[in-house]
Amino acid sequence: MNNIEKVFESLKKNNRKALITYSVAGDPDLDSSEKIIRNFISSGVDIIEVGVPFSDPMAEGPSIQLGHERALKNNISLPNILDMCSKIKNDFPKTPIVLMGYMNNFLSLKDNLFKELKKNKIDGLIIVDLPYVESEEFLKKLNEEGIDLIRLISPTTTNERIRKILTSSSGYLYYISLKGVTGSDLKVSDELEKRVSEIKNQTNLPVVVGFGIKDAETAKKMSVCSDGVVVGSKLVDEISKHSLYKDNLLKENLMSIIGELREGIS
Amino acid sequence: MDKENYDFPDKDGRFGDFGGKYVSETLISALDQLEETYNKIKKDKAFLKEVKNDLETFVGRPSPLYFAQRWTENLGGAKIYLKREDLNHTGAHKINNTVGQVLLAKKMGKKRIIAETGAGQHGVATAAVAARHGLECVIFMGEEDIERQSPNVYRMKLLGAKVCAVDSGTKTLKDAMNEAMRDWVTNVDDTHYIIGSVAGPHPYPQIVRDFNSIVGIELKDQAREVFGRYPDKIIACVGGGSNAMGIFYPFLKDNSVDLIGVEAGGSGVKSGKHAAPLSDGSVGVLHGMKTYLMQDDGGQILSTHSVSAGLDYPGVGPEHSYLRDSGRVVYESATDDEALDGFHDLTKTEGIMPALETAHALAFAKKIAPNLDKEEIIVVNLSGRGDKDMANVAKVEGLSL
């Protein structure tokens, strides 16, 4: 059983739901982003999604776009990020780390990518612009290294497509809550809840919900029908208000956001 | 390359290894719908008749094939002919595509049109067809381009479009495309995104090529009539590459015709300040396609430089990447200075003011024509007119209007 499976099994046993955070590696700088992630883990975050900054983050709303821009000002590259993740993993080996980013940055390491991911103990990848149809070869190489390719399913994904996606999925499924970019306004609806339970009925994999979850109330609602929630823009927004992590206020504020969310969903 | 059996894109939307559909999951269903609709109607007689009628009565096709006699004499070599896409309604080849895509949008029941634009020509061509069909229209344009192409911004507004200034990233065409994608993902149910080049995810490179290939199809007829044969060389500028694909595509299997694409060399390909991914780039994934890109070692897209906003793009249509690697098309580049020289040359000797984008193709024709035999025939795709560039040219040359 891999780390991601273990986390969800233990959550299930305790009748809890996963809290997953997204923050951008290198935002506002690499050291600070490492400290931020360490604090997320210490505050009880179950899975860490690490944003790999890209010059052209097409699926991101303004908050996360700016996070990518801040990180790129520091010339952050994928090898730096892998190094950071490896250090975190040394202290927190059981907490899954999933890299989330765009295909072009992952392609930059060419065939070394898969070995490097393994070496630095990365548990999974989410590639925003790698849909199911383009992913066959990539998936094979990831699976050879025991790394999960976390699939995204959106409100526009047809049932036929969902069935196909499920045939080659592992780790967990990421349901995109809305038609839009990250950080858009999410309106929780019966339809959304119905859709998540429909997907859950077709698979044994955990289904988490992300995009637009910014407060404890929404997180709570979404966690009832799913196996967990992803929070990103809200955290990246908070990080943007503080230039460096030595700012204790940022630490306090992030911890209080995490605390509220944790309370909301568990 | 097996020229006889050239049949791209394949069923996966690929041109060899290039192309594909690298987009977020939310857009897949819209792309599938577009592909399905396009495949259904591209052979539908009623639809083709409607497109043909619009090309004739709204755009003003066919565009003439013009002999640049004085310029030819001045250069003292091959005969230079111009395929006059600048005479189309709205002043460039871009309208060939928007006329077709807006009809596609209507077939799919979409009520709202969005587009990205660099030089503003595609934005104007989109705004014009949206106005004609009574559809809501939003154009995304980088802040830097809004500044260098202000007459086109006002034209779009007069045509009833909303122009959204994009201030992220490099504030140019690539960022406008990112923003259009973000809008599309948000409004995917009622919105059709009219991509303006042979770029983006499948099926766009195919659709935009097909709608623009009227240029090459007409040229075949005109060449037979005027020269009694096909030209020896066809030259077109390449940013995303739609005017080039439009004029090249019908000639791909005619091996006697040399096809030459000219990229924006900016301050020179060796300077690194350019927009010539086929000349000095590497393969990657951007805007839904696998293609040659200008990028750094970490896969970050580099900012480009060109005097012409329409060529200021770090990628290129995937079919061009394939044609480059297969050797069927040769890709060259022209610098800002060479393009400006071509711009002035044509304006002064032929009384035709070309777009700065087009001027790159003219610059390359000027370079090779003197060394060619007088019996040889070059056709340059005169993809657009240059009125929009007057203020920019004056600024570059230190004049104020």
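Remember, it's a predicted structure, so these values are computed and weren't measured experimentally. (Residues numbered from 1 in each chain as written. Chains lettered and ligands numbered in written order. Predicted model: local features only at pLDDT ≥ 70, side-chain atom pairs only at ≥ 80, totals over all residues. Heavy atoms only, no water.)

A word on the overall build of chain A
A tally of regular secondary structure across chain A gives twelve helices and nine strands. Its C-alpha radius of gyration of 17 Å places chain A within 12% of the 18 Å reference for a compact globule of 266 residues. For chain A, with 266 residues in total, the buried portion stands at 61%. Nonlocal contacts in chain A, meaning residues at least 24 apart in sequence, comprise 72% of its contacts between residues at least 6 apart. Between the mean site of the 36 positive side-chain charges and the mean site of the 38 negative ones, chain A shows a separation of 3 Å. (Helix = DSSP H or I, 4+ residues; strand = E, 2+ residues; numbered from the N terminus. Rg over C-alpha atoms; globule rule 2.2 N^0.38 Å. Buried < 20%, exposed > 50% of the residue type's maximum accessible area, 1.4 Å probe, protein only. Contact = heavy atoms within 4.5 Å. Lys, Arg positive; Asp, Glu negative; His and termini not counted. Charge placed at Lys NZ, Arg CZ, Asp CG, Glu CD.)

Some points on the interface of chain B and chain A
In this assembly, 33 residues from chain B lie in contact with 32 residues from chain A. In this assembly, chain B packs against chain A so that about 2,600 Å² is buried in total across both faces, 48% of it on carbon and sulfur atoms. On the chain B side of the interface with chain A, the three residues burying the most area are B:Glu25, B:Arg182 and B:Gln300, jointly 27% of the side's total. Here chain B and chain A share four salt bridges between them. (Buried area = accessible area lost by both parts, 1.4 Å probe. Salt bridge = Lys/Arg side-chain N within 4 Å of Asp/Glu carboxyl O.)

Points about the sheet that holds strand β12 (residues 288-293) of chain B
Residues and elements named next belong to chain B. Read from one edge of the open sheet, four strands run β1-β2-β12-β11, paired in antiparallel fashion. With partners counted over all chains shown, the strands left at the sheet margins are β1 (14-15) and β11 (282-286), one partner each. Pairing analysis gives five bridges linking β11 to β12, with the strands arranged antiparallel. In the strand pairing of β12, Ser 282 is matched with Leu 293. (Pairing = 2+ DSSP bridges.)

Quick notes on the packing of aromatic side chains
Residues and elements named next belong to chain B. Enumeration according to the criterion identifies 15 aromatic pairs over all chains in this entry. Aromatic ring contacts, followed pair by pair, group Tyr 6, Phe 8 and Tyr 322 into a single cluster. One Lys or Arg, Arg 209, reaches over the ring of Tyr 249 and ends 3.8 Å from the middle of that ring. (Phe/Tyr/Trp six-rings, centres within 6.5 Å; stacked < 30°, edge-to-face > 60°. Lys NZ or Arg CZ within 6 Å of the ring centre and 35° of its normal.)

Observations regarding the environment of B:Arg148
All names here are of chain B. Residue position: Arg 148 is located in helix α6 (residues 143-148). Looking at Arg 148, the relative accessible area reads 14%, which means it is buried. Sequence separation between Arg 148 and Asp 17 is 131 residues; the distance between their C-alpha atoms is 36 Å. Once residues lying within four places of it in the same chain are set aside, the contact partners of Arg 148 are Thr 172, Ser 306, Val 307, Ser 308, Ala 309, Asp 312, Lys 388 and Asn 392.

Some points on the pattern of salt bridges
All names here are of chain B. Per the stated rule, a full pass over the model turns up 47 salt bridges over all chains. The residue Asp 221 makes a salt bridge to Arg 224 at a minimum N-O spacing of 3.0 Å. Residue Asp 221 and its partner Arg 224 are located together in helix α10 (residues 214-226), separated by three residues, close to a single helical turn. With a relative accessible area of 44%, Arg 224 lands in the partly exposed category. Its salt-bridge partner being Lys 388, residue Asp 389 comes within 2.8 Å of it at the nearest N-O pair. Relative accessible area serves as the criterion here: at 0%, Asp 389 is assigned to the buried category. The exposure class of Lys 388 is buried, given its relative accessible area of 5%.

Topic: the sheet that holds strand β5 (residues 148-149) of chain A
All names here are of chain A. On the basis of which strands lie adjacent, the open sheet formed by nine strands has the order β5-β4-β3-β2-β1-β9-β8-β7-β6 and parallel pairing. The two strands at the open ends of the sheet, each matched to only one other strand, are β5 and β6 (151-153). As judged from the five bridges shared by strand β1 (residues 18-24) and strand β2 (residues 47-51), these two strands associate in the parallel manner. Bridging across to β2, Ile 20 finds its partner in Ile 47.

Side note on the pairing of strand β2 (residues 18-22) of chain B
Side-chain direction in a regular strand flips from residue to residue, so the side chains alternate between the two faces of the sheet. All names here are of chain B. Most of β2 is tucked away, with five of its five residues classed as buried. Taken together, β1 and the strand that follows it, β2, pair antiparallel across an intervening segment of two residues, in which Gly 16 is found at a positive phi of about 60°. Looking at chain direction, β2 and β12 are connected through two bridges and run antiparallel. Across the sheet, residue Gly 19 finds its bridge partner in β12, namely Lys 290.

Quick word on the packing of helix α8 (residues 159-167) of chain A against helix α9 (residues 190-202) of chain A
Residue and element names in this part refer to chain A. Relative to each other, α8 and α9 sit at 45°, their axes nearing to 11 Å. One element, α8, and the other, α9, form an angle in the oblique class. Viewed along their axes, α8 and α9 form a crossing whose handedness is right-handed. Here Asn 159, Ile 162, Arg 163 and Leu 166 of α8 come into contact with α9, specifically with Arg 195, Glu 198, Ile 199 and Gln 202. (Axes fitted to C-alpha atoms, helices over the stretch in contact; angles between N-to-C directions. Parallel < 35°, antiparallel > 145°, perpendicular 65-115°, else oblique. Left-handed = near helix turned anticlockwise from the far one by under 90°.)

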